Amino acid sequence: MEIPYKIYLEENEMPKYWYNVRADMKNKPAPLLNPGTHKPVTADELSHVFCNELVKQELDDTTAFFEIPEEIRSFYRMYRPAPLVRAYCLEKKLGTPAKIYYKFEGNNTSGSHKLNSAIAQAYYAKEQGLKGVTTETGAGQWGTALSMACAYFGLDCKVYMVKVSYEQKPFRREVMRTYGASVTPSPSMETEVGRRILEKHPGTTGSLGCAISEAVEKATTSEGYRYVLGSVLNQVLLHQSIIGLETKAALDKYNIKPDIIIGCAGGGSNLGGLISPFMGEKLRGESDVRIIAIEPASCPSFTRGTFAYDFCDTGMMTPLAKMYTLGSDFIPSPSHAGGLRYHGMSSTLSQLYHDGYMEAISVNQTDVFKAAEYFARTEGILPAPESSHAIYATIEEAKKCTESGEEKTIVFGLTGTGYFDMVAYEKFHDGKMDDTVPSDEELKKYAAMLPKVD
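Per chain, the residues get numbers from 1 upward, laid out in the order the sequence is written. For a predicted model such as this one, the threshold for reporting local features is a pLDDT of at least 70, and the threshold for listing and counting side-chain atom pairs is 80 or more; totals across whole chains, interfaces and linings nevertheless cover every residue. Remark: hydrogens and water are excluded; side-chain values derive from all non-hydrogen atoms of the structure.

The name that an unreviewed UniProt entry assigns to the chain is Tryptophan synthase beta chain, with the source organism given as Lachnoanaerobaculum orale. Quoted straight from UniProt, the Sequence similarities (unreviewed entry) entry for the chain says "Belongs to the TrpB family." UniProt positions are given in the numbering used here, feature names are shortened, and annotations may be inferred rather than shown by experiment. In UniProt, the chain has this text filed under Subunit (unreviewed entry): "Tetramer of two alpha and two beta chains."

An order of β8-β7-β6-β9 is seen for the 4 strands of this open sheet, with the pairing classed as parallel. Either end of the sheet is taken by a strand with one partner, and the two such strands are β8 (182–186) and β9 (225–227). Strand-to-strand, the axes of this sheet are offset by a mean angle of 20°, without reference to chain direction. Across 6 bridges, strand β6 (residues 132–137) lies against strand β7 (residues 156–162) in parallel orientation. Looking at β7, one finds that Glu-136 is bridged to Tyr-160. What makes two strands pair is DSSP finding at least two bridges between them. In this text, helices come from DSSP runs of H or I with a minimum length of four residues, and strands from runs of E with a minimum of two, each type numbered from the N-terminal end. For helices, the fitted axis covers only the stretch in contact; all axes are lines through C-alpha atoms, and the angles between them, taken along N-to-C directions, range from 0 to 180 degrees.

Moving on: the packing of helix α11 (residues 234–253) against helix α12 (residues 269–283). At a minimum axis distance of 6 Å, the contact between α11 and α12 shows a crossing angle of 55°. Classified by the angle their axes make, α11 and α12 are oblique. The way α11 lies across α12 gives a crossing that is right-handed. On the side of α11, the interface is formed by Val-236, Leu-237, Gln-240, Ser-241, Ile-243, Gly-244, Leu-245, Thr-247, Lys-248 and Leu-251, while α12 contributes Ser-269, Gly-272, Gly-273, Leu-274, Ser-276, Pro-277, Phe-278 and Glu-281. Three residue categories are used. Nonpolar comprises Ala, Val, Leu, Ile, Met, Phe, Trp, Tyr, Cys and Pro, charged comprises Asp, Glu, Lys and Arg, and polar comprises the others, including Gly. Each residue belonging to the contact of α11 with α12 can be placed in one class, and the counts come to 8 nonpolar, 8 polar and 2 charged. An angle below 35 degrees is read as roughly parallel, one above 145 as roughly antiparallel, one from 65 to 115 as roughly perpendicular, and any other as oblique. By the definition used in this description, the sense in which the near helix is turned from the far one sets the handedness, with an anticlockwise turn below a right angle giving left-handed and a clockwise turn giving right-handed. The criterion used for residue contact is that any of the two residues' heavy atoms lie within 4.5 Å.

Written as structure tokens, this is what we have:
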């Protein structure tokens, strides 16, 4: 059958269930630990930070499918199902026999895949009768998505935005404010933990770890509020599985089996969502698909991190998670892929990577922006810097197919658009972008500071 440029599912074909890949993992992710006792955290302990239903989803390693509430599915219909695009123009430009597809998640006002989990988390907060939620945001896509979701349900939304992104992306900040959210550059003097971080790292441009600390403190000290996170956690990967489920359904329409699946990796929400059903097949022995995570060389948690227990935030207020980490005190250089500037990686993805079910590579940001520009001039979409990491790797894999003559099928995640990232594109075009990579000595210093867990 002839493959259309865009493969669309009908609304009635949209998944009715989220898929929990942990159910098919023989080696489950290590449990979150109470940092004081080093014992697994309980649902009661987590309920002081997260919504009750989200705590259940976070701790469930055995239930394969969770029904998507109808109110969430109704909201999804405003922008889902999202298209799976055959990159015919890119294939032609590259002169490759490879067949390239991308799942485009930028076709909504938030500009990215983040809305898939934001609306779910806001729904559960509303169901619990809360006043509002707090969160962090890096590039601003998660904050934008959550502000939209909170406006929909009439919830207050307090966002701590990584300072470098707050300054680089003022228009995304204004979109959040338009939807009713308050936005504070992090670290700030607003919270006790923010003040401590500024004292220890004066002049810092911030990180997701810093912003998480402030948001957690604000939630736990404000009556009727809970904290919500845009990546890393199991519950977020669960909600984002709709990306992979739709992708698989679209491929199945034309009996297409991917050989390679590629996704950018910061905390794990996009990558985990895209690969989930394909990883499930791999875990069950039904597929040998190659899965590749792409991360920035400036923040290489997979490729140069340590697989160990660590805090999820810089202020050391959260439970300990076993993950590939650079150390919770590590603050990456102010690269322009703000959504990937996180010191650790999802526990679920970390365990899968540790067990050899996926690969990872790191890429310099100037190479990423070269790939982004090439893609924009070829496929007509200006990609987000985060997504462009996956674009870079896809182009490299397609070139290998040109050399070998293999007609491999490559699928990658185009997580969002880059129309609010023009400061980054400007610096790239003006030759003012650099490639800052942490030294081995620097990473060893932070690795030595990891919590000692037996």
